[in-house]
Amino acid sequence: MDFSWTEEQRLWRQTVRDFAQKEIAPRVREIDTEERIPPEIIKGMAELGLLGPVCSEEYGGAGMDWTLATIAAEELGRADISLAIPVLYLVEAAWGFIFDRYGTPELKAQILPKVTAGEAFLGIATTEPEGGSDILGACRTKAERQGDEWVINGEKVYISGVRESLNMGGIHLLLARTNPDPAAGHRAFTFFALPLRGTPGITPTFFQDMGRMGISTGGFAMEDVRLPASHQVGDLNRGFYHAMEGFSAARVLIGATCVGAAEAVLEMGMEHIKQRRAFGRPLASYEGISFPLANHYANLESTRLLVYKAAWIMDQKYGPGTHTHQDIALAAALAKLRAPQIGFEIMNEVADWFGAMAYTKECPVEMGIRGIRSYSIGAEGTMNIMRLIIARELLGPEFLPYRQ
Ligand SMILES: Cc1cc2nc3c(=O)[nH]c(=O)nc-3n(C[C@H](O)[C@H](O)[C@H](O)COP(=O)(O)OP(=O)(O)OC[C@H]3O[C@@H](n4cnc5c(N)ncnc54)[C@H](O)[C@@H]3O)c2cc1C
């Protein structure tokens, strides 16, 4: 076992940190207020290989491993504590990887170079009005084959990047039911690459979010949407499995961005408690302040280890190792359960240290609190769904209240 970073990993962290601290960190309040990511930041990310980092170089990706991609996620979280840019990064990283792995060469050549250049958006659309956790039970969107086309009807909600996709072009990976037989279980769904812009039959909707304001959340209804056969992503009726693979990848990167953002906020808090005096002494000298700091730091460090262990398992699976999907699902669920929760607790505590200022927009911590909550509430799976995966791996699927 070796906990040290390689020279390549150290240099990569420094490169992303230099970029993110210079180009992103000073503009986070602007991103939060104007509710958009400035195009020059997207261009800079593309130049560094931060859009579709794990995608093949053939399509403009950086061909990185998951550990390097996780380092970048942590650094982007440190710079943008509102977590809007990290969302752009990780959604495209994880789902771009799935599209690269399972999309048709024809469509990949059309879409991926634009995504990796920052000229198109690539997102994920599984959640429906009936629910996001129980995809199996809630997915009403249907795709029917008619000749060389798929005809799709249904609705997706709470989808990241709907506005970006409409403005820039690109695709959302859409999960739709392709086998009406209720006995088909998980083998009833297929993934499709759905361009929202310019596709007849799409009616978009938008939500006003609590946080991570730089990236939109919306939905779209689909009425007789027609897609060519080449837009099928992966095997027929294997979409559920492709989705689970993408969720695991996204959850590892989410863990890293939450660790990065929480660490940045903890550092802001430490600076403040060293400077701010009450009753004649710095706040930092009171154990009522420094002991919680020590606890939070211990939680943060242990969460970081979980995150990088998960990244390492990803590299074993997709590299030379022998890890199974189960190992990845468990490691990713542990990272996704701990990081948003620990990150939120840290930010909440630091807000207390700042006193009244924390309740104003003078203090950046409120952007972090609003942003990180998206991940415990639901984005890429709720806390209880992470617990459910962990329990399933520990106890076996026969102890779930239903077959998973
Ligand atoms: C900011 C944001 C961005 C998002 N972006 C996307 C996106 O890009 N694409 C996409 O497809 N979706 C996206 N989502 C949706 C997300 O995937 C869903 O919110 C999530 O899957 C939960 O679904 P739900 O909101 O319908 O809650 P529900 O599934 O209705 O769950 C409600 C509550 O019940 C709990 N619960 C459900 N089942 C169980 C159980 N068996 N045991 C115990 N508790 C249970 C859940 O943990 C949760 O607390 C996003 C969500 C947010 C908040």
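What you are looking at is a predicted structure, and each value in this text was computed from that prediction instead of being measured.

What counts and what doesn't
Residues numbered from 1 in each chain as written. Predicted model: local features only at pLDDT ≥ 70, side-chain atom pairs only at ≥ 80, totals over all residues. Heavy atoms only, no water. Helix = DSSP H or I, 4+ residues; strand = E, 2+ residues; numbered from the N terminus. Rg over C-alpha atoms; globule rule 2.2 N^0.38 Å. Buried < 20%, exposed > 50% of the residue type's maximum accessible area, 1.4 Å probe, protein only. Areas by Shrake-Rupley, 256 points an atom, 1.4 Å probe, with all protein chains shown as cover. Lys, Arg positive; Asp, Glu negative; His and termini not counted. Charge placed at Lys NZ, Arg CZ, Asp CG, Glu CD. Near = heavy atom within 4 Å. Polar contact = N/O pair within 3.5 Å; in protein donor to acceptor, adjacent residues only side chain to side chain.

Draft legend 1. Summary view of the overall build of the protein chain. A tally of helices and strands in the protein chain yields 13 helices and ten strands. Compactness check: the protein chain gives a C-alpha radius of gyration of 21 Å against a globular reference of 22 Å for 404 residues, within 12% of the reference. Its C-alpha atoms give the protein chain principal-axis dimensions of about 80 × 50 × 40 Å. Residue burial in the protein chain is summarised as follows: out of 404 residues, 55% are buried. Accessible surface, the protein chain as shown: approximately 17,500 Å² in total, 54% of it carbon and sulfur. Within the protein chain, the 50 negative side-chain charges are centred at a point lying 3 Å from the centre of the 39 positive side-chain charges.

Draft legend 2. Broad picture of the site of the ligand. In the vicinity of the ligand, 19 residues are found, and the nearest of them are Thr126, Thr127, Ser133, Tyr158 and Thr382. Between an oxygen atom of the ligand and a main-chain N or O atom of Gly132, the distance comes to 2.8 Å. Here an oxygen atom of the ligand and a backbone polar atom of Ser160 are 2.8 Å apart. The fraction of the free accessible surface of the ligand (970 Å²) that becomes covered by protein chains is 67%. Elements with a contribution of two residues or more to the shell around the ligand: strand 1 (121-125), strand 3 (149-160) and helix 13 (383-395). With three residues, strand 3 is the largest single contributor of residues to the shell around the ligand.

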